[in-house]
Amino acid sequence: MITVVGAGTGAPVPQDVLAGAELVVGGRRHLDAVRLPDAAERIVLGPLAPALDAIAGYAAKERPVVVLASGDPGFFGIVRALAERFGPELLDVRPGVSSVATAFARAGLPWEDAVVVSAHGRAARTAVNLCRAYPKVAVLTGPGAGPAELGAALRPYDRDLIVATALGSPEERLERVTPAEAAARDWGAAVSVVLCLDPARALGPVRTVAGGTERPAGWALDEAEFAHRDSMITKFEVRALALARLGPRPGELVWDIGAGSGSVAVECARLGAAVTAVEKTPDGAERIRANAAAHGVDVRVVHGAAPAVLSELDDELDTPDAVFVGGGGRELPAIVTACARRARRTVVIAMAALDRVPAAREALTSAGFACDGVLLQSSRLAPLPGDVTRLTAANPVFLLWGVRPPAHSEGVAQ
C-alpha cells in the first residue's frame, strides 16, 4: 500500500501513519518536519521518475510506502502520477487542506465560484488569459509564471492580486497588491498561490455549481441585446457562424478588430475567453465597454485604428489564439496580414464588399493559413397587417476564415 499524506498547510502528519513505513518520499521541507522511523529509507523529491521507480520496487514486494505532499495531493498533485503508474486501488490518500482553499480562507473569501489554474511547469499564457476573463482566479505559480509576470500582463486590467507566501509555515503572509506593484517586485521562490480578483465582481451571486462563470445557455444574441449605432452591428446569423469558426474558450485570447458595438467581443467573453476589442471611434469604444458591463463580462478596449494600433499589443502574452476582423475598409489587407502574423489558431473576417474578398484571402493564404469561406444570405420573418408574415432579406455578408495548420501553430511570429 502507498499512503499519500497531504501536509504543509498547518496540520501535522499523524505519527502512526509513518510508524510502519519502510520508504518515505517527499519534499525536503516535508521530510524535515516529521520524525521518520529509524529503518526507513528517505527520498527527497526532485525529478519524479526516479522516485516512482523506487516506489515501484517497494510496492512490488508489498513493503509500505508513505508519500508526503503539499495540501491536497489529489488537487494538481502527485496522486495523478501515482494512480497512473500503480493504479488507484493501491493508494490510501489522506488529503490535507489545499493551498488554494487555505489562501481563500486567509483572505476571508468564498471560492466555489473561483477558477483554479496551475502555471507550475507550464506557460503563463493560460493563467493570464483566465485572470483577464474571470472575476476570481487562483493561480498555482511556477518559475516564469509568478506574481511579477502575472502583474506585468494584467497592468491594463482592474484587478487585485493577493499573493500568498509560505502557507502553513511560521513565515506565512498574504499581501494585497495592484498588478503594477506585483510586477515591480522580486517575490522569491516561496509563493504558494496568487488570487486574482476583479473587485467589482469578486463577490458574485450564490452558486449551486462550483467553478468559473456558468456557460451561457445560448449565443448569437439578438441585436437588441446590444447598444449599437444605426444598425452597425454584426448580425446574429453572421455572428453564429463567426463564433463557431473562432471557437472561443477559457484560457485563450481573442481579438475583435474594428469591434463597433463589440457584439462579437462580448459573446466571446461570455463563452470564457479573454478578449481585446480594437475600435477607432471614441464613442464606439465607450459603447463596447457599456455592452460588456451590461453582460457582466470584462473586455479590454483599445482605442485606435488598425493596423497601426496593433503595435501596442506586441507583448507575447497579448498574442491572440483567434482574431475576428469586422471592419477595415481600404486597410483590410494590411489588417489581415498583421493579424495573421500573430494569430496562433484562426482568423475570421466578415465583409459586406465582395471586391475585398480576394485581397483578404490572399493575405491569409500568404501567411500559411488554410482558407475557406461562405456567402451568408438570410431572410427574417416580419409581420404584416392582417396577421400575416413575410420574409425580409438581410444584406448578404461574406465570411472568410483561415486556420493555421496544427504543425505551425506554435511557431507564430511574435
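A. The arrangement of unusual backbone geometry in detail. Look at the link from A306 to P307: it is a cis peptide, with omega at 5°. Structurally, P307 is set in the loop between β13 (300-303) and β14 (322-325). Backbone geometry places E62, a non-glycine residue, at a positive phi of 55°. Along the chain, the position of E62 falls in the loop between α3 (48-60) and β4 (65-70). Accessibility expressed as a relative area gives 71% for E62, which makes it exposed. Phi is positive for D230, close to 50°, though the residue is something other than glycine. Mapped onto the elements of the fold, D230 is located in the loop between β10 (191-197) and α9 (236-246).

B. Local environment of helix α12 (residues 332-342). Considered for burial, the residues of α12 that qualify are L332, I335, V336, C339, A340 and R342. Viewed along the axis of α12, the buried residues span an arc of 160°, placing them on a single side of the element. Where the residues of α12 are buried, they touch β11 (253-257), β14, β15 (346-351) and α13 (357-366).

C. Representation of the sheet that holds strand β5 (residues 91-94). Taking strand neighbours across the sheet as the criterion, the 5 strands line up as β3-β2-β4-β1-β5 in an open arrangement whose pairing is parallel. Of all the strands in the sheet, just β3 (41-44) and β5 have a single pairing partner and so form its edges. When strand polarity is set aside, the average angle formed by the axes of neighbouring strands in this sheet is 15°. Pairing of strand β1 (residues 2-7) with β4, which is carried by 6 bridges, proceeds in the parallel orientation. Paired with V5 across the two strands is L68, which belongs to β4.

D. Region of interest: the confidence of the model for the protein. Counting all residues, the mean pLDDT for the protein is 90, and 97% of those residues have values of 70 or more. Confidence scores differ between elements of the protein, with helix α2 (residues 28-32) showing the lowest mean pLDDT of 81 and β14 the highest of 98.

E. The environment of G284, seen in detail. Tracing the backbone shows G284 in helix α11 (residues 282-294). Sequence separation of G284 and V301 is 17 residues, and the distance between their C-alpha atoms is 9.9 Å. Beyond its immediate stretch of four places on either side in the chain, G284 contacts G260 and E279.

F. Up close: the layout of surface pockets. Size it by volume and the largest pocket reaches roughly 1,500 Å³. Every residue lining the largest pocket is counted, 47 residues in all, and those nearest its centre are S70, F76, H120, T141 and S192. For the lining of the largest pocket, the secondary structure elements donating two or more residues are α2, β4, α4 (79-86), α7 (147-153) and β10. Partitioned by chemical class, the residues of the lining of the largest pocket number 21 nonpolar, 19 polar and 7 charged. Considered as a void within the structure, the second largest pocket measures approximately 1,200 Å³ in volume. If you trace the second largest pocket, you find 44 residues lining it, with M232, G258, G326, G327 and G328 closest to the centre. Only β11, α10 (263-270), β12 (274-279), α11, α12 and β15 provide two or more residues apiece to the lining of the second largest pocket. The greatest single-element share of the lining of the second largest pocket, amounting to 3 residues, is contributed by α11. For the lining of the second largest pocket, the class distribution of residues is 19 nonpolar, 15 polar and 10 charged.

Conventions and cut-offs
Residues numbered from 1 in each chain as written. Predicted model: local features only at pLDDT ≥ 70, side-chain atom pairs only at ≥ 80, totals over all residues. Heavy atoms only, no water. Helix = DSSP H or I, 4+ residues; strand = E, 2+ residues; numbered from the N terminus. Buried < 20%, exposed > 50% of the residue type's maximum accessible area, 1.4 Å probe, protein only. Arc of directions from axis to C-beta. Contact = heavy atoms within 4.5 Å. Pairing = 2+ DSSP bridges. Axes fitted to C-alpha atoms, helices over the stretch in contact; angles between N-to-C directions. pLDDT = per-residue confidence, 0-100. 1 Å grid on protein atoms, 1.4 Å probe; cavity = no way out; pocket = protein on both sides within 12 Å on 5 of 7 lines; lining within 4 Å. Points joined across faces, edges and corners; volume = space filled by probe spheres on them. Nonpolar A, V, L, I, M, F, W, Y, C, P; charged D, E, K, R; others polar.

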